[in-house]
Each structure stands twice: as structure tokens, then as C-alpha cells.
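Here is what each chain is made of, one letter per residue.
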Amino acid sequence: MIKCNFIRGKKIESSHLLCGVVLDSNKKIIYSCGDPDLSIPARSTLKPFQSAASLEKGSYDKFGFTKKEIALTCASHNGQKRHISVANSMLKKLKFSKNELECGKHPPHLNKNQKTYHCLHNNCSGKHIGMLSLSKTLKKNNKKYIKKSHPVQKTIKTYLEHQLGKKLNEFAIDGCSAPTPYLSISEMAYLYARLVEGKNKELQIIYNAMTSNPFMIGGDKRFDTSFIKALNQRGVSKGGAEGLLSIGLKHKNRNVGVCIKTLDGSSRPRGIVAVSLLKKLGMLSKKEVQSLSKYVAPPILNLNKIKTGEVKIEF
């Protein structure tokens with residue numbers, strides 16, 4: 001197990017245990033700590049591949065989605081003005097209103113006390129607009145497109161099975177109400193290695209959209225956006241609920257996939273662990289480490305910006 005210790009003064013105040021696996025597009029394991037076969041719901045780390053299923057069917061070409069709009073279909077965004085603007089642009093192209101979305105609503109990530117909000121503020125709204133485009137392309141009634149039995153979800157399931165070379169039988173329901181399959185962390189890492197490899201045209205387009213539009217993937221103060229910016233089109237990052245994080249990057253002529261899972265479900269250690277792990281494996285340049293410095297052994301500061309402790313990783 002990987003252990004992420006939050007130290008106050010000179011003693012450990014809190015610890016998080018994590019599993020992690022790093023492998024290439026040939027499924028060769030480069031690094032593993034904990035159980036690489038740990039099976040968990042894929043949650044939002046699956047978004048680029050749910051989006052790729054729509055793209056493969058020609059949905060995005062049909063409605064003229066831009067790279068920025070494609071990036072939003074892969075996002076867990078903050079619900080900032082730029083995200084909402086892009087979402088509205090996509091709905092206009094589909095000739096749909098936001099009322100067609102079945103993802104539910106929550107306040108924007110950076111302003112949780114905002115009194116007025118709607119479903120486009122949902123971090124998954126881009127994913128759901130992508131699903132609506134698929135429904136329209138398939139010429140199916142979009143009502144209940146979130147149901148596992150709907151042609152949209154069946155199409156996504158078939159696409160994922162093709163990418164993984166296996167049947168998917170075990171599913172849960174995600175926070176946004178769409179189905180989410182149980183996958184091992186090795187399988188998720190493998191999907192991200194394939195995303196970086198880009199042998200499939202749709203995955204190449206998804207990767208280019210994500211790396212060209214890091215803000216769309218998360219937004220201000222988000223690890224995914226910071227990581228994609230720092231890697232400068234060499235890699236992508238996509239977090240998921242319950243302390244899940246998947247990364248894909250190109251390294252020395254290899255296409256590498258990473259998946260990290262915090263066992264207690266906390267999201268606070270995952271970015272710190274990811275950067276430390278990639279630094280340990282020599283997969284980040286000095287410039288990239290510098291750009292991600294706030295995740296490297298970060299100090300713990302109180303409200304007066306006084307250092308009260310630090311974070312240390314045990315591999």
C-alpha cells in the first residue's frame with residue numbers, strides 16, 4: 001500500500017492508504033502497490049471513454065462540436081461561466097434545452113453557497129450532453145437515456161467491452177444517475193494507456209481535445225487542469241469520486257496509464273500521491289515537477305499562513 005501521511009508538528013495526525021498501478025499499452029506493469037486487481041466503480045474516470053463511444057458513432061461531427069466542446073464531454077467541471085457557456089453552445093447545436101439533461105443539479109464547485117443553480121452547473125453536464133448527442137444520432141427517444149437498457153448506454157457498454165476485450169456484467173449507478181461499470185484499477189490504467197496511444201481515431205480526438213483545453217476538464221484550482229497544463233500535451237488526468245484518479249502520459253516511446261485509488265474515499269491525497277509517484281518513477285521533467293510544485297510534499301498552512309505541518313508519502 002501507498003501511505004499518505006498528514007503531519008502536524010512532528011507527528012502523524014492523519015493517514016490515507018492508497019492502491020496504485022502503472023502500466024503500458026501492452027499491459028506490462030511498470031509499478032504496482034496494493035492490489036492491482038482491486039475492483040471499483042469507474043465513476044468519472046470513465047468519461048473520456050463514454051465520450052469516445054459517442055464520437056465513434058459520428059455524433060460530434062454531425063452536430064459540429066468543437067475541440068473545446070468535446071473536452072467538456074470528458075469533464076468534471078467547476079460550473080464556472082466558461083463551462084456553462086460551452087454547455088449552452090452544445091445544447092443549441094442539438095436544439096435541446098437544459099431540461100433534457102437527466103444528471104440532476106448541484107451548486108458550482110467553487111461557490112457551494114450559490115443560491116441559484118441548475119443542471120448545467122452539475123460537473124457531469126458535459127458528459128450528459130454528449131450522451132444526448134448520441135441518442136439523437138441513433139434516432140432514439142432521449143427520455144431515460146441514463147437507464148442501462150437505453151440504446152445510449154448499450155452503445156457505451158459495447159464500446160467499453162471492445163476496448164477492454166471482455167464482457168462487462170457488474171454495474172452500479174453513478175452520482176449523475178448514469179451506469180458505471182466495476183473495473184479493476186489495472187483495467188482503468190490500461191484504458192488511459194490506450195487513450196494516450198491513440199491508435200483508435202476517436203481516442204486520438206478525445207486526447208487532443210482534453211490536452212488542448214485543460215480548463216474545460218476541471219477549471220480553476222483543480223488538479224486535472226493543473227496536471228494537463230503542466231504536461232503540455234504530453235499527458236491527461238481525470239479524477240473520479242471516492243478518491244479515484246487516472247492518468248495517461250507519453251514517456252520514452254511508451255504509452256503509460258496510471259490509476260490511483262484512496263481506500264477511504266478521500267480525494268485530498270490523490271494528486272499529491274500521483275505527482276510523487278510519477279516523480280519517483282522518473283516520468284516527470286524538472287520543469288513539470290516545478291509546475292506541479294504545490295503537490296510535491298506540500299506544507300500544511302493554517303488560516304494565518306503559518307506552516308503547521310507537511311505531507312509525506314510512504315511507498
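What counts and what doesn't
Residues numbered from 1 in each chain as written. Predicted model: local features only at pLDDT ≥ 70, side-chain atom pairs only at ≥ 80, totals over all residues. Heavy atoms only, no water. Core = buried A, V, L, I, M, F, W, Y, C linked by side-chain atoms within 4.5 Å. Buried < 20%, exposed > 50% of the residue type's maximum accessible area, 1.4 Å probe, protein only. Helix = DSSP H or I, 4+ residues; strand = E, 2+ residues; numbered from the N terminus. Contact = heavy atoms within 4.5 Å. 1 Å grid on protein atoms, 1.4 Å probe; cavity = no way out; pocket = protein on both sides within 12 Å on 5 of 7 lines; lining within 4 Å. Points joined across faces, edges and corners; volume = space filled by probe spheres on them. Nonpolar A, V, L, I, M, F, W, Y, C, P; charged D, E, K, R; others polar. Pairing = 2+ DSSP bridges. Axes fitted to C-alpha atoms, helices over the stretch in contact; angles between N-to-C directions. Salt bridge = Lys/Arg side-chain N within 4 Å of Asp/Glu carboxyl O. Parallel < 35°, antiparallel > 145°, perpendicular 65-115°, else oblique. Left-handed = near helix turned anticlockwise from the far one by under 90°.

Novice: Kindly report on the nonpolar core, identifying the contributing residues and their values.
Specialist: Counting 65 residues, the largest nonpolar core has F65, L101, I129, L183, M188, L195 and I206 as the members making the most contacts within it. With eight residues, the single largest contributor to this core is helix α7 (residues 185–197). Those residues in contact with L195 that sit more than four places away from it in its chain are P48, F49, L203, I206, Y207, M210 and V236. Among the nonpolar cores identified, the runner-up in size contains 30 residues, and V275, L277, L278 and L292 belong to it.

Novice: Any details on the layout of surface pockets? Residues and values, ideally.
Specialist: Of the voids in this model, the largest pocket is the one considered here, and its volume is about 500 Å³. Every residue lining the largest pocket is counted, 17 residues in all, and those nearest its centre are S267, R268, I272, K294 and Y295. Computed from the structure, the second largest pocket encloses a volume of approximately 430 Å³. Lining the second largest pocket are 26 residues, and of these S76, H106, H109, N123 and R222 sit closest to its centre. Here the lining of the second largest pocket gets three residues from one element, more than from any other, and that element is strand β7 (residues 235–240). Among the residues forming the lining of the second largest pocket, the class breakdown is six nonpolar, 12 polar and eight charged.

Novice: Account for the sheet that holds strand β4 (residues 39–41), with residues named and values stated.
Specialist: Strand order in this open sheet of three strands is β4-β6-β5, and the pairing throughout is antiparallel. Two strands in the sheet have a free side with no partner beyond their single neighbour: β4 and β5 (171–173). Between one strand and the next, the sheet's axes are offset by a mean angle of 35°, whatever the strand orientation. Two elements, β5 and strand β6 (residues 179–184), share three bridges in a ladder whose sense is antiparallel. The residue of β6 that forms the bridge with A172 is T180. Where α7 meets the sheet, it contacts β4 and β6, and its direction lies at approximately 100° from that of β6.

Novice: Hey, could you go over helix α11 (residues 270–280) for me, with residue numbers and the actual values?
Specialist: Quick reminder: α-helices carry 3.6 residues per turn. Residues three or four places apart thus point the same way. Counting buried positions over the 11 residues of α11 gives nine, a clear majority of the element. A positive backbone phi angle near 70° is found at G282, which sits one or two residues after α11.

Novice: Describe the environment of V236, naming the residues involved and giving the relevant values.
Specialist: As for its position among the elements, V236 is in strand β7. A relative accessible area of 0% means that V236 is categorised as buried. Taking C-alpha positions, V236 is 9.6 Å from I217, a pair spaced 19 residues apart along the chain. Discounting chain neighbours no more than four positions away, the residues touching V236 are Y192, L195, Y207, M210, T211, F227, I228, S246, I247 and G248.

Novice: Which residues make up unusual backbone geometry, and what are the values?
Specialist: Among all residues save glycine, negative phi is the norm, and among peptide bonds the norm is trans. In this structure, K139 takes a positive phi of about 60° despite not being glycine. Residue placement: K139 occurs in the loop between α5 (125–137) and α6 (151–164). One non-glycine residue, K252, lies in the positive phi region at around 50°. Structurally, K252 can be placed in the loop between β8 (244–251) and β9 (254–262). K252 sits in the exposed class, given a relative accessible area of 69%.

Novice: Lay out the pattern of salt bridges with the relevant residues and their values.
Specialist: Two side chains bearing opposite charge may form a pair once their charged atoms approach each other closely. One pass over the structure, following the stated rule, counts 12 salt bridges. One salt bridge connects K143 with E100, and the closest N-O pair in it is separated by 3.8 Å. You can see K143 sitting in the loop between α5 and α6 and its partner E100 sitting in the loop between α4 (81–94) and α5, a full 43 residues away along the chain. When the shortest N-O distance is used, the salt bridge between E161 and K157 registers 2.7 Å. In this pair, E161 and K157 both sit in helix α6, four residues apart, roughly one turn of the helix. The exposure class assigned to K157 is partly exposed, which follows from its relative accessible area of 25%.

Novice: Can you explain the packing of helix α1 (residues 47–56) against α5? Please cite residues and give values.
Specialist: With their axes 9 Å apart at the nearest point, α1 and α5 run at an angle of 20° to one another. Considering the angle they form, α1 stands roughly parallel to α5. Classified by chirality, the crossing of α5 by α1 is left-handed. Contacts between α1 and α5 pair K47, Q50 and S54 from the former with K127, G130, M131, S133 and L134 from the latter. Of the residues assigned to the contact of α1 with α5, the class counts are two nonpolar, four polar and two charged.

Novice: Kindly report on empty space enclosed by the protein, identifying the contributing residues and their values.
Specialist: The tally for this structure, following the rule as stated, stands at two cavities of 30 Å³ or more. For the largest cavity, the calculated volume is near 70 Å³. Taken together, L46, Q50, K148, Q153, I156, K157, L160, F171, P179 and P181 make up the full set of residues lining the largest cavity. When residues of the lining of the largest cavity are traced back to their parent elements, those giving at least two are α6 and β6. Top element by residues in the lining of the largest cavity is α6. It accounts for four residues. Among the residues making up the lining of the largest cavity, the classes are represented as six nonpolar, two polar and two charged. Taken as a whole, the second largest cavity encloses approximately 30 Å³ of empty space. Residue lining of the second largest cavity: Q50, S51, S54, Y60, T73, K127, G130 and M131, and that is the complete set. Counting only elements with at least two residues in the lining of the second largest cavity, the list comes to α1 and α5.

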